[in-house]
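So you can see what is in the structure, the chains are spelled out below.
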Amino acid sequence: MTPTKPQEWLQVVGHAGSFRVGDCGTLLKKFCEEERQCYLRLMGDTLRPFVPAYHGVVQQDEQNYNMMDNLLTHFNSPAIMDCKMGSRTYIEEDLFWARERPKPRKDMYEKMVAVDPEAPTPQEREQQAVLKTRYMQWRESLSSTTTLGFRIEGFRRSNEECHTNFKRTKSRDQVMEALDNFVESNPHVVWGYLRRLKQLRQVLEVSDFFRAHEVVGSSLLFVHDWTGRTGVWMIDFGKTRALPPHLTLDHRSPWVEGNREDGYLWGLDNLIDILTKILPVTCHP
């Protein structure tokens, strides 16, 4: 069943205006060449079952879109959650350009002071602006991105409003409470997610695409409904970059500028561990 209000899901997982719901169970996402290249490679990779099927580029109202499967199509009034994966959400070239051509951002300054009025430095306060990389590093320091290798961006339980107030959700206990709230303490749903995540981890370990890419700013989309159906998919590849031929990542080592490590598997390990601990003692194998 196609969701009756798909636009509500879109507001959870992406920027407003970036998506349109297409025909025949498809989703249109504003065109990004880097993302197109990733999907083309993923369609021939072992990760294909874990990403939305890609159908090429279409144009509507003079705007190009990447067309892919709408992952909510076969769910009935689903609950959905977006988890941003990895130990950082900015690519290394962002740091280079921030140093070479700094562009202070007033909008990001306003976002920063809205959360913590004391966060800006005296210079930033004088300019009423911050660099994008400075904002993103500060933003990550508040969340579980730096402590666990993933963070909850937002979720919506079935027929409810979106919950997005997770900017300061940082500790393992806080994340566990939020995840338990999302699954409504339902062990059947947790088991469904755990099976899928463990399968994903196995495939990531052998994927040619994953071995050859720095996966930054990508999310896992969690979906379940009242029937007990569950699903998890990798989405958002606009910041994913191919590595130089001589370089490979283990996706678990700490990031140091220049090593390109993204912490994706470290975050996935922690996510699986936390979901496992949500299960009642009697449900553990």
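This text goes with the structure placed above it.
A. Examining the sheet that holds strand E6 (residues 150–156) more closely. As summarised here, the arrangement of the four strands in space is E6-E5-E8-E9, forming an open sheet in which the pairing is antiparallel. The open sheet has two free edges, formed respectively by E6 and strand E9 (230–235), since each of these has just one partner strand. Each adjacent strand pair in this sheet contributes to an overall mean axis angle of 20 degrees, direction not counted. When strand E5 (residues 79–85) meets E6, the two strands line up antiparallel, connected through six bridges. The residue bridging methionine 85 from the neighbouring strand is phenylalanine 150, located in E6. Sheet contacts for helix H9 (residues 187–206): strand E8 (219–224) and E9; angle to E9, the most-contacted strand, approximately 35 degrees.

B. Quick peek at the environment of valine 215. Relative to the helices and strands, valine 215 is located in the loop between strand E7 (213–214) and E8. Given a relative accessible area of 1%, valine 215 falls into the buried group. Separated by 196 residues in sequence, valine 215 and phenylalanine 19 have C-alpha atoms that sit 21 Å apart.

C. Representation of the packing of aromatic side chains in the model. Taken as a whole and assessed by the stated rule, the structure comprises 11 aromatic pairs. Between tyrosine 90 and tryptophan 255 the ring centres are 5.7 Å apart and the planes differ by 85 degrees, which places this aromatic pair in the edge-to-face class. In this pair, tyrosine 90 sits in the loop between E5 and helix H3 (92–100) while tryptophan 255 sits in the loop between strand E10 (241–242) and helix H11 (264–278), placing the two residues 165 residues apart along the sequence. Judged by relative accessible area, which is 24%, tryptophan 255 ranks as partly exposed. Between the aromatic rings of phenylalanine 155 and phenylalanine 166, the centroid separation amounts to 5.4 Å while the plane-to-plane angle is 35 degrees, which identifies the pairing as tilted. Note that phenylalanine 155 is positioned in strand E6 and phenylalanine 166 in the loop between E6 and helix H8 (172–183), a separation of 11 residues in sequence. Here phenylalanine 155 and phenylalanine 166 have matching classes, each one buried. Here the aromatic residues Phe155, Phe166, Phe182, Tyr193 and Phe222 are joined through ring pairs into a cluster of three or more.

Basis of the calculations
- Residues numbered from 1 in each chain as written.
- Predicted model: local features only at pLDDT ≥ 70, side-chain atom pairs only at ≥ 80, totals over all residues.
- Heavy atoms only, no water.
- Pairing = 2+ DSSP bridges.
- Helix = DSSP H or I, 4+ residues; strand = E, 2+ residues; numbered from the N terminus.
- Axes fitted to C-alpha atoms, helices over the stretch in contact; angles between N-to-C directions.
- Contact = heavy atoms within 4.5 Å.
- Buried < 20%, exposed > 50% of the residue type's maximum accessible area, 1.4 Å probe, protein only.
- Phe/Tyr/Trp six-rings, centres within 6.5 Å; stacked < 30°, edge-to-face > 60°.

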